[in-house]
Amino acid sequence: MRKKLSILGSTGSIGRQTLQVAKALGVKVLALSAKSNIKLLEEQIREYKPEYAVVFDEILALRLKNNVKDMQIKILSGMDGLCQISSIEDCDIVLNALTGMIGLKPTLKAIESKIDVAIANKETLVVGGDLVMNYARDKNVKIIPVDSEHSAIFQCLQGCREKKSIKNLILTASGGPFWDKTEDDLKNVTIEQTLKHPNWSMGPKNTVDSATMMNKGLEIIEAIRLFGISEDKIKVLIHRESIVHSMVEYCDGSIIAQMSITDMKIPIQYALTFPDRTETFTDNFLDLTKFSLTFFEPKPYLSKCMDLCRSAVKTGGTAPVILNAANEEAVRMFLDKKIRFLDIWQIVEDAIKNIPVFKTLSLDDIIDCDLKTREYVNRLDV
């Protein structure tokens with residue numbers, strides 16, 4: 001089991017739950033980070049006593065530094081700070097729970113330092129998946145998925161000796177809050193309705209992505225990167241109960257599923273203890289006698305964002321970068337009440353159609369394409 005841990009994004013939902021898991025397992029927390037929530041970050045610092053903490057905003061980092069001047073801790077800021085805590089010499093694993101493309105550079109820094117990465121930041125693999133996975137193979141670094149769906153597939157693949165034996169990867173989806181709505185119903189949905197996820201507690205951006213099912217499209221791209229499987233072998237089923245977190249269908253007709261209660265601490269714990277399993281610290285085990293399991297295909301209008309993702313990954317190069325950046329900006333605009341819910345996928349489609357795609361994919365290419373896409377979206381007349 002890994003003994004020393006850095007957490008990128010410790011004040012978010014995944015980060016907070018990771019701290020609970022680390023405490024239960026006796027894992028030493030070396031570093032924490034937050035974008036701007038210095039109140040919660042200070043509470044975490046005082047409880048977990050890390051050696052480093054990062055606040056992305058430099059002014060807030062100075063304020064936090066003053067607030068914890070009674071403690072032995074180094075306060076850092078910005079991207080340089082994130083990269084520094086991703087490459088601490090005696091760190092065993094970095095858990096990346098950042099939101100957005102900001103997670104890419106620290107992930108590459110951890111790999112460069114030969115530190116395993118538990119990845120809960122899907123955008124990193126969407127925009128730079130080939131770069132990340134090739135670099136990880138070169139450095140013999142493990143990339144362990146934390147998202148419940150990819151953790152499920154990762155677990156179902158243990159013991160799979162040959163990739164050719166895999167027929168399909170089956171991602172399950174809750175369907176979000178609008179799974180049973182008509183397309184007309186979605187024209188005037190509110191932010192409050194969109195953020196009311198039926199099964200999972202997530203941040204605003206991820207919750208909106210769940211409602212548009214863009215999150216499932218991004219997970220298709222992520223699965224392609226993580227498992228080296230072609231796009232046509234990745235299926236999506238709506239599974240309202242969120243008990244089966246994903247499945248692997250093998251060539252002999254067998255389907256292996258990973259099931260558990262809806263608790264992100266389970267895949268987090270597996271990422272920290274892999275390849276071993278340890279006793280969980282919760283008494284909330286799955287009782288199958290209390291559930292009926294149902295599965296069905298997404299309605300066509302809820303597949304629009306997934307279709308954009310499938311098209312982008314087929315195009316390759318910077319197409320997934322354009323898709324991801326346009327979506328992040330569109331979601332921000334929706335949360336700022338500047339656009340309607342159904343405008344999100346239309347903005348993403350517009351960006352993909354009108355921004356040139358480049359086949360080369362260095363870190364500089366990714367950063368440049370991301371910036372140009374955001375500038376393009378913010379110039380749109382919406």
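The following refers to the structure shown.

Basis of the calculations
Residues numbered from 1 in each chain as written. Predicted model: local features only at pLDDT ≥ 70, side-chain atom pairs only at ≥ 80, totals over all residues. Heavy atoms only, no water. Core = buried A, V, L, I, M, F, W, Y, C linked by side-chain atoms within 4.5 Å. Buried < 20%, exposed > 50% of the residue type's maximum accessible area, 1.4 Å probe, protein only. Helix = DSSP H or I, 4+ residues; strand = E, 2+ residues; numbered from the N terminus. Contact = heavy atoms within 4.5 Å. Patch = residues over 30% accessible without salt bridge, like charges linked within 9 Å, V, L, I, M, F, W, Y side chains within 5 Å. Areas by Shrake-Rupley, 256 points an atom, 1.4 Å probe, with all protein chains shown as cover. Salt bridge = Lys/Arg side-chain N within 4 Å of Asp/Glu carboxyl O.

**So, the nonpolar core**
Reasoning step 1: Counting residues in hydrophobic clusters, the biggest one holds 123 residues, and the most contacted among them are I45, L95, I143, F227 and F341.
Reasoning step 2: The biggest single contributor to this core is helix 13 (residues 319–335), with nine residues.
Reasoning step 3: What F341 contacts, discounting residues up to four positions off in sequence, is F178, L186, V189, T194, A211, T212 and F334.

**Concerning a nonpolar patch on the surface**
Reasoning step 1: Side chains of M259, L288, F291, L293 and F295 sit close together on the surface and give an oily, nonpolar patch of about 410 Å² of accessible area.
Reasoning step 2: Within the element layout of this structure, F291 appears in the loop between helix 11 (265–273) and helix 12 (304–315).

**Focus on the side chain of T194**
Reasoning step 1: If you trace the backbone, T194 turns up in helix 8 (residues 191–194).
Reasoning step 2: Here T194 falls in the buried class, since its relative accessible area comes to 0%.
Reasoning step 3: Here T194 is in contact with P177, F178, V189, T207, V208, A211, F334 and F341, once residues within four sequence places are set aside.

**Examining unusual backbone geometry**
Reasoning step 1: In this chain, F274 is followed by P275 through a cis amide linkage whose omega measures 10°.
Reasoning step 2: Assignment of secondary structure puts P275 in the loop between helix 11 and helix 12.
Reasoning step 3: In the Ramachandran plot, N140 falls in the positive-phi region, its phi being about 60° despite a non-glycine side chain.
Reasoning step 4: Residue position: N140 is located in the loop between helix 6 (122–139) and strand 7 (143–145).
Reasoning step 5: We note that K337 has phi near 65°; this positive angle belongs to a residue other than glycine.
Reasoning step 6: A residue is classified by how much of its surface remains accessible, and K337, at 66% relative accessible area, is exposed.

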